[in-house]
Amino acid sequence: MESNRFDRFLPLAGVLAGLLLAGGLTLTFSIPSSETSFDETFSWWQDNRGQHQISGLLLAPLVALMLIFFGAGLQRSLRSGNRDSGHGSVAFGGAILGAVGFALIGMLEGAAANAAHEGHQEAVYALSQLHSYDWLAFNASWAAVLLATGLGARRNGMLPTPLVWATIVIGASQLTPVGFVGSLLIPPWLIVVGVWLSRRKTTSPQPTRTTSPEPVMS
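Residues numbered from 1 in each chain as written. Predicted model: local features only at pLDDT ≥ 70, side-chain atom pairs only at ≥ 80, totals over all residues. Heavy atoms only, no water.

Draft legend 1. Examining the overall build of the protein more closely. What the protein contains, in helices and strands, is 9 helices and 0 strands. The order of α-helices and β-strands along the protein, N terminus first, is α-α-α-α-α-α-α-α-α. Looking at the protein as a whole, 40% of its 218 residues qualify as buried. Put simply, of all contacts in the protein between residues at least 6 apart along the chain, 77% involve residues at least 24 apart. As displayed, the protein offers around 12,200 Å² of accessible surface, 63% of which is attributable to carbon and sulfur atoms. (Helix = DSSP H or I, 4+ residues; strand = E, 2+ residues; numbered from the N terminus. Buried < 20%, exposed > 50% of the residue type's maximum accessible area, 1.4 Å probe, protein only. Contact = heavy atoms within 4.5 Å. Areas by Shrake-Rupley, 256 points an atom, 1.4 Å probe, with all protein chains shown as cover.)

This is the structure:
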């Protein structure tokens, strides 16, 4: 019973990750870029300390945790019969890389917000510069998760065809200059795929009863 509940939670973790990620993106949408001036960068972090304490110290670690669970759920769903699939291994590895990225983002945001509060301008600027290049890790992780999931779903039919192709397109976009646009679609993708897989798990067919053959009279 406990194992079944845990298995049912794995895809739902994707729904939670999508909701938390959407909240985090909303809070940090106006974060300074790498081209923002020194003074503007410091002022922004100093003025927005509260929201980054929420984003970095609360939302980012929770997203990281939910991604680990969701990645495990994807690995299970991408199995070919009773055998592990290479697609599932890549998707799970991408989820782990993404989780590490979110944990790092939480550390950077927490440190930058605290440094701004203490008035350490040079530290704030350095941490903000590191934060502005977080897409290098996230593009690789999301590309691995989405491409492996989309290609694997084409083989085992775990997702409907339109969602399969949407997954592949969004994943491929992470390897192009328009990856930022694709990143905005990742929260709804996590929610939709998580809901679909959770419903798919709960509507599995009931096992059929087998009867022993009647003896043949000679």
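Draft legend 2. Fine view of the nonpolar core. Core analysis: the biggest nonpolar cluster contains 41 residues, and Leu74, Phe102, Trp142, Leu159, Trp189, Leu190 and Val193 have the highest contact counts within it. Mapped onto this core, the elements with two or more residues apiece are helix 1 (2–27), helix 2 (38–47), helix 3 (49–77), helix 4 (86–118), helix 5 (121–132), helix 6 (135–156), helix 7 (161–173) and helix 9 (186–202). Considering every element that reaches this core, the biggest residue donor is helix 4, with 9 residues. Not counting chain neighbours up to four residues away, the residues in contact with Leu159 comprise Thr149, Ala153, Val164, Thr167, Val193, Trp196 and Leu197. (Core = buried A, V, L, I, M, F, W, Y, C linked by side-chain atoms within 4.5 Å.)

Draft legend 3. Inspection of the packing of helix 4 against helix 5 at higher detail. At their nearest, the axes of helix 4 and helix 5 sit 9 Å apart, and the two run at 155° to each other. Classified by the angle between their axes, helix 4 and helix 5 sit roughly antiparallel to one another. Seen from above, helix 4 lies across helix 5 with left-handed handedness. In this structure, helix 4 uses Ile105, Leu108, Glu109, Ala111, Ala112, Ala115 and Ala116 to contact helix 5, whose residues at the interface are Ala123, Val124, Leu127, Leu130 and His131. A breakdown of the residues in the contact of helix 4 with helix 5 according to their chemical character gives 10 nonpolar, 1 polar and 1 charged. (Axes fitted to C-alpha atoms, helices over the stretch in contact; angles between N-to-C directions. Parallel < 35°, antiparallel > 145°, perpendicular 65-115°, else oblique. Left-handed = near helix turned anticlockwise from the far one by under 90°. Nonpolar A, V, L, I, M, F, W, Y, C, P; charged D, E, K, R; others polar.)

Draft legend 4. Spotlight on the environment of Glu122. Take Glu122: it is sitting in helix 5. Residue Glu122 is classed as exposed on the basis of its relative accessible area of 59%. Through-space distance from the C-alpha of Glu122 to that of Asp39 is 10.0 Å; in sequence the pair is 83 residues apart.

Draft legend 5. Spatial organisation of the packing of aromatic side chains. All told, the structure shown has 8 aromatic pairs when counted by the stated rule. Seen from their ring centres, Phe9 and Phe69 are 5.4 Å apart, and the 75° between their planes marks the pair as edge-to-face. In this pair, Phe9 sits in helix 1 while Phe69 sits in helix 3, placing the two residues 60 residues apart along the sequence. Using a relative accessible area of 27% as the deciding quantity, one classes Phe9 as partly exposed. Between Tyr133 and Trp135, the aromatic rings sit 6.4 Å apart at their centres with planes inclined by 40°, giving tilted as the arrangement. Overall, Tyr133 belongs to the partly exposed group, its relative accessible area being 41%. In this structure an aromatic cluster arises from ring pairing among Phe6, Phe9 and Phe69. (Phe/Tyr/Trp six-rings, centres within 6.5 Å; stacked < 30°, edge-to-face > 60°.)

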